[in-house]
Amino acid sequence: NEWPVDTPLRDDGVNVVGYLRNQLALGDAGRRIAGALRHTSIPTSTLAFGASPSPPVDPPFVADDRVGHSTTLAVVAADQMPVLADWHPELIGASGRMIGYCFWETSTLSDAGRRGLDVVDEIWAPTRFVEECFRREERVPVHHVPLYIPEPQPSPRPRSSFAPLADAAGRLVIGVTFD
């Protein structure tokens with residue numbers, strides 16, 4: 001589905017595109033970034049890129065799915081940038097500035113990841129490791145921009161409603177997950 005493009009595009013905000021409706025780390029990163037921009041009153045359009053087989057988030061994320069700004073922040077895997085360009089040429093054509101906010105797990109980019117650099121004007125790297133990986137390519141400017149981590153919010157659910165914690169009483173419990 002093609003995303004409608006506002007005319008004229010605004011220069012005072014950002015389109016955030018990513019796996020916003022999906023349960024995966026990049027989807028969470030995109031939702032965090034969009035939330036931080038909105039929290040600071042920066043006009044933001046959200047575009048949910050559907051190239052992930054991951055299940056949907058619950059509750060569902062409601063995206064604008066319209067291109068409203070001339071700057072786009074694509075929270076998409078580098079090797080999926082060409083897919084984004086193929087599926088949504090209207091976004092690429094409308095974006096005067098395309099920023100890739102990319103994660104990468106190895107110290108060198110794959111061929112597909114290198115092709116992804118053809119789609120962006122610059123890379124924002126969430127870690128120094130990722131920054132060095134993209135910087136070695138010497139193709140686009142790379143900036144270290146750490147991931148926004150919001151203030152933790154306590155759950156309104158009582159501890160006893162979680163079966164694994166039912167016998168934890170008032171003891172400190174630390175949960176660790178890996179993605």
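Everything below is about the structure shown above.
From a predicted model like this one, the values you see are computed outputs, not experimental measurements.

Chemist: Give me the pairing of strand S5 (residues 71–75): which residues, what numbers.
Modeler: Of all five residues in S5, five are buried, a share of seventy percent or more. Taking every second residue as pointing to the same face, both faces of S5 are buried, with Thr-71, Leu-73 and Val-75 on one and Thr-72 and Ala-74 on the other. Judged from the four bridges that link them, strand S2 (residues 14–18) and S5 form a sheet pairing that is parallel. When the bridges of S5 are listed, Val-17 appears paired with Ala-74. Bridge count for S5 against strand S6 (residues 97–101) is four bridges, and the pairing is parallel. Of the residues in S6, the one forming a bridge with Ala-74 is Gly-100.

Chemist: Kindly report on helix H5 (residues 128–135), identifying the contributing residues and their values.
Modeler: Those residues of H5 that sit buried are Val-130, Glu-131, Cys-133 and Phe-134. Seen along its axis, H5 keeps its buried residues to an arc of 165°; they face one direction. Where H5 is buried, its residues contact strand S7 (122–125) and strand S8 (142–144).

Chemist: Help me get a handle on the pattern of salt bridges, residues and values and all.
Modeler: One pass over the structure, following the stated rule, counts eleven salt bridges. For Asp-6, the salt bridge goes to Arg-66, with nearest N and O atoms at 2.7 Å. A residue pair is termed long-range when its members are at least 10 positions apart, and Asp-6 in strand S1 (residues 5–10) and Arg-66 in the loop between strand S3 (44–48) and strand S4 (67–69) qualify at 60 residues. The partly exposed category is assigned to Arg-66, whose relative accessible area is 30%. The salt bridge partner of Asp-111 is Arg-114, with a shortest N-O separation of 2.9 Å. Separated by three residues within a single helix, Asp-111 and Arg-114 lie in helix H4 (residues 111–116), roughly one turn from each other. Since its relative accessible area comes to 52%, Asp-111 is described here as exposed. Exposure remark for Arg-114: the relative accessible area of 26% places this residue in the partly exposed category. Taken together, the salt bridges that share partners define one network made up of Asp-111, Arg-114 and Glu-137.

Chemist: How would you summarise a nonpolar patch on the surface if you had to cite specific residues and measurements?
Modeler: The grouping of Leu-172, Ile-174, Val-176 and Phe-178 at the surface amounts to a nonpolar patch, some 580 Å² of accessible area in total. Structurally, Ile-174 can be placed in the segment after S8. For Ile-174, a relative accessible area of 67% translates into the label exposed.

Chemist: Got a sec to walk through the nonpolar core? Specific residues and values, please.
Modeler: With 40 residues, the main nonpolar core has Val-17, Val-75, Met-81, Leu-84, Leu-91, Ile-123 and Phe-134 as its most contacted residues. Listed by contribution, the elements that provide at least two residues to this core are S2, helix H1 (25–39), S5, helix H2 (81–87), helix H3 (89–94), S6, S7 and H5. Here this core takes five residues from H1, the largest share from any one element. Excluding residues within four positions of it along the chain, Val-75 makes contact with Val-16, Val-17, Gly-18, Tyr-19, Leu-26, Ala-29, Gly-30, Ile-33 and Tyr-101. Among the nonpolar cores identified, the runner-up in size contains five residues, and Leu-20, Ala-48, Val-57 and Ala-63 belong to it.

Cut-offs applied
- Residues numbered from 1 in each chain as written.
- Predicted model: local features only at pLDDT ≥ 70, side-chain atom pairs only at ≥ 80, totals over all residues.
- Heavy atoms only, no water.
- Buried < 20%, exposed > 50% of the residue type's maximum accessible area, 1.4 Å probe, protein only.
- Helix = DSSP H or I, 4+ residues; strand = E, 2+ residues; numbered from the N terminus.
- Pairing = 2+ DSSP bridges.
- Arc of directions from axis to C-beta.
- Contact = heavy atoms within 4.5 Å.
- Salt bridge = Lys/Arg side-chain N within 4 Å of Asp/Glu carboxyl O.
- Patch = residues over 30% accessible without salt bridge, like charges linked within 9 Å, V, L, I, M, F, W, Y side chains within 5 Å.
- Areas by Shrake-Rupley, 256 points an atom, 1.4 Å probe, with all protein chains shown as cover.
- Core = buried A, V, L, I, M, F, W, Y, C linked by side-chain atoms within 4.5 Å.

Everything listed is a geometric property; what it means functionally is a separate question.
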